[in-house]
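Structure at a glance
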Amino acid sequence: MADSLFEIDAPQSTVPLKHLPITDEQVAQLRAAFADAGIHEQYERKALIESYVVRKVDSLRDLHATDAHRLLNLLRQRKEAKPKIVGGSAWDNREEETWIDRL
């Protein structure tokens, strides 16, 4: 009988989980997400990826599936956070009504 209260059906071997490699679908999604975000230069893409995964990455194939998933979410959030500028000034593009508009 084990001394520890939490060793119920504990596995005998402690093999660490391995990272799954990036899939072809994720590579295509990342390329499309970069294009949608307006990030077209390779050095910009590489700098963004390396700043996010905090390691050197020579190509998209160096990413893990979990890295790709998180990076896709980051790119989507970044795109949604961009201000929508149609034209004109910041005053023309304001979203809320001001007291001047109510006059």
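Described below are features of the structure shown in this document. Here the structure is a predicted model, which is why all the values come from computation and not from measurement.

Okay, the nonpolar core next. Counting 17 residues, the largest nonpolar core has Leu30, Phe34, Ile49, Leu63, Leu71 and Leu75 as its most contacted members. The set of elements that each furnish at least two residues to this core consists of helix 1 (24–36), helix 2 (42–53) and helix 3 (65–81). For Phe34, the residues in contact, after removing those within four places along its chain, are Ile39, Arg45, Leu48, Ile49, Leu71 and Leu75.

Where helix 1 contacts helix 3, the two axes come as close as 10 Å, and the packing angle between them is 20°. By the angle between their directions, the pair helix 1 and helix 3 is classed as roughly parallel. Where helix 1 crosses over helix 3, the handedness of that crossing is left-handed. Here helix 1 contributes Gln26, Gln29, Leu30, Ala33, Phe34 and Asp36 to the contact with helix 3, which in turn contributes Ala65, Ala68, His69, Leu71, Leu72, Leu75 and Lys79. Its residues assigned to classes, the contact of helix 1 with helix 3 comprises eight nonpolar, three polar and two charged.

Let us look at helix 1. The end-to-end C-alpha separation of helix 1 is 18 Å, in line with the 18 Å expected for 13 residues at 1.5 Å each. The complete set of buried residues in helix 1 reads Gln26, Val27, Leu30, Ala33 and Phe34. Across the axial projection of helix 1, the buried residues extend over an arc of 130°, all falling on one side. Across helix 1 from its buried face, at more than 90 degrees, point the exposed residues Asp24, Glu25 and Asp36. Those residues of helix 1 that are buried lie in contact with helix 2 and helix 3. Of the residues flanking the end of helix 1, it is Gly38, one or two places downstream, whose phi is positive at about 80°.

About the criteria used
Residues numbered from 1 in each chain as written. Predicted model: local features only at pLDDT ≥ 70, side-chain atom pairs only at ≥ 80, totals over all residues. Heavy atoms only, no water. Core = buried A, V, L, I, M, F, W, Y, C linked by side-chain atoms within 4.5 Å. Buried < 20%, exposed > 50% of the residue type's maximum accessible area, 1.4 Å probe, protein only. Helix = DSSP H or I, 4+ residues; strand = E, 2+ residues; numbered from the N terminus. Contact = heavy atoms within 4.5 Å. Axes fitted to C-alpha atoms, helices over the stretch in contact; angles between N-to-C directions. Parallel < 35°, antiparallel > 145°, perpendicular 65-115°, else oblique. Left-handed = near helix turned anticlockwise from the far one by under 90°. Nonpolar A, V, L, I, M, F, W, Y, C, P; charged D, E, K, R; others polar. Expected span 1.5 Å × (residues − 1). Arc of directions from axis to C-beta.

These values are about where atoms sit, not about what they do.
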